[in-house]
Amino acid sequence: MTSPLSSAARSDLLARGYSRRSFGRIATLLAAGATVKALTNSARADILPSGINFEGVTRLGSNECWTGPFPEAAQAGASSVFQSNRYDPTGHMRDDLIKTVSDVEGLPQTHVMTWCGSSDPLARAIVTFCSPTRGLVTADPSYEAGWVAADWLKIPLARVPLTAKNGYKTDVRAMLAADPNAGVYYICSPNNPTGTLTPLRDIAWLVENKPKGSIVLVDEAYIHFANAPSAVELVANNKDVVVLRTFSKMFAMAGMRLGLSFARPDLHESMMRYDGKSATSMLPVPAMACGTMSLTMKSAIAARKEEMIAARNMTFQHLRKRGIHFIPSDANMFIIDWKKPAKPIQDAFLKQNVLIGRSWPIWPNASRITVGSMDEMKTFCTALDQIYT
């Protein structure tokens, strides 16, 4: 197979310890093929079991928003469909999105990059800053896409368990100790699946103490649900940090595929040296229109967050009343520890037309539960009372 990578990209990869046999795998990963295939064959089989008719099913399995995009934003996206014969109907839709992001985040436009979702920049950062000699460090459990990329590329992977002693928060000092020469330290905050926050001061400590030439990759897919400062301020201070965002959660655009990364221009340039910039410039027109408007809707964002918190608090009260152990969360998901294998419980919920999330290998007795609407969480509680005794 002939690698589509440029000669400069191949030279860079060889210099960092990749072999020529890695080129095809890297090219495939950057096209999302390997990551999507692996997730489809493993974790996603639990999120979306095959053969299910979702009509009438309460879906609490994949951290989707319980409702659609904000109506005004959805209307902007819908209207743009009629102009989607053009790659960019106005000639500046992507520029408008970047400017809006810049204004909202207080970040220079030079530090903003757009994507079709956030999986591409996550995998791309691992290719760019990791190598066969410089690994990836994550919490465990955490979002698995990085694990898939590391396995695919044969990159060293260190997973640091979340513990009750540390409030199930990412232990940045343990991460550094696990691999003092890693290329990427990945922090999902709020974490998926626990919904726990990593304090910004801890992330800043890791940034200041990590090895030279590495980055801290902060995945903030769920930050809009939390009352917490963002690691974007570290990007604004030109630190070795890449922050990922997605429109799939708070903005309810999972099916529209739109994401962002924030980083110093030189870090972004390094991430883009393998296949040019088409991955960041060719974006779905409806997604750009919907996303740009969504970012400006402060009151709607606040109201949606409060709606989620109310449904989550009601559910937590019910779990406490039942004496069921769970991990308090700052996001639209949480973990329940059933104290027995989770898979049969997931199956029992499905028989009640409630689809809950999967477990992680480190916690086979626990399930991730997405927070849906108040009515959906009441349905969950009713099913729980019938199933769990």
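Just above sits the structure.
What you see is a predicted model, and the numbers here were worked out from it, not measured in a lab.

Relative to each other, helix 2 (residues 22-30) and helix 7 (residues 119-129) sit at 155 degrees, their axes nearing to 9 Å. Classed by the angle they form, the pair helix 2 and helix 7 counts as roughly antiparallel. Where helix 2 abuts helix 7, its residues I26, L29 and L30 lie against D120, A123, R124 and V127. Looking at the contact of helix 2 with helix 7 residue by residue, the classes come out as five nonpolar, no polar and two charged.

Time to look at helix 17 (residues 374-387). Taking 1.5 Å per residue, 14 residues should reach 20 Å; helix 17 reaches 20 Å between its end C-alpha atoms and fits that length. All of the buried residues in helix 17 are M377, F380, C381, A383 and L384. Each buried residue of helix 17 sits inside an arc of 165 degrees when the element is viewed along its axis, so together they form one side. Within helix 17, the exposed residues directed more than 90 degrees away from the buried face are D375 and Q386. Buried positions along helix 17 lie against strand 1 (58-60), helix 15 (298-322), strand 10 (333-337), helix 16 (342-351), strand 11 (354-356) and strand 12 (366-370).

Here the structure, examined in full by the defined rule, presents two cavities of 30 Å³ or more. Of the volumes computed, that of the largest cavity is approximately 70 Å³. Within the residue set of the lining of the largest cavity, elements represented by two or more residues are helix 6 (93-105) and strand 7 (241-246). For the lining of the largest cavity, a count of residues per class yields five nonpolar, two polar and two charged.

By volume, the second largest pocket amounts to about 270 Å³. Every element with two or more residues in the lining of the second largest pocket is listed here: helix 6 and helix 15. A total of four residues in the lining of the second largest pocket trace back to one element, the largest contributor, which is helix 15. Considering only residue class, the lining of the second largest pocket consists of eight nonpolar, two polar and four charged.

Rules and cut-offs
Residues numbered from 1 in each chain as written. Predicted model: local features only at pLDDT ≥ 70, side-chain atom pairs only at ≥ 80, totals over all residues. Heavy atoms only, no water. Axes fitted to C-alpha atoms, helices over the stretch in contact; angles between N-to-C directions. Helix = DSSP H or I, 4+ residues; strand = E, 2+ residues; numbered from the N terminus. Parallel < 35°, antiparallel > 145°, perpendicular 65-115°, else oblique. Contact = heavy atoms within 4.5 Å. Nonpolar A, V, L, I, M, F, W, Y, C, P; charged D, E, K, R; others polar. Expected span 1.5 Å × (residues − 1). Buried < 20%, exposed > 50% of the residue type's maximum accessible area, 1.4 Å probe, protein only. Arc of directions from axis to C-beta. 1 Å grid on protein atoms, 1.4 Å probe; cavity = no way out; pocket = protein on both sides within 12 Å on 5 of 7 lines; lining within 4 Å. Points joined across faces, edges and corners; volume = space filled by probe spheres on them.

Worth remembering: the numbers are spatial, not functional.
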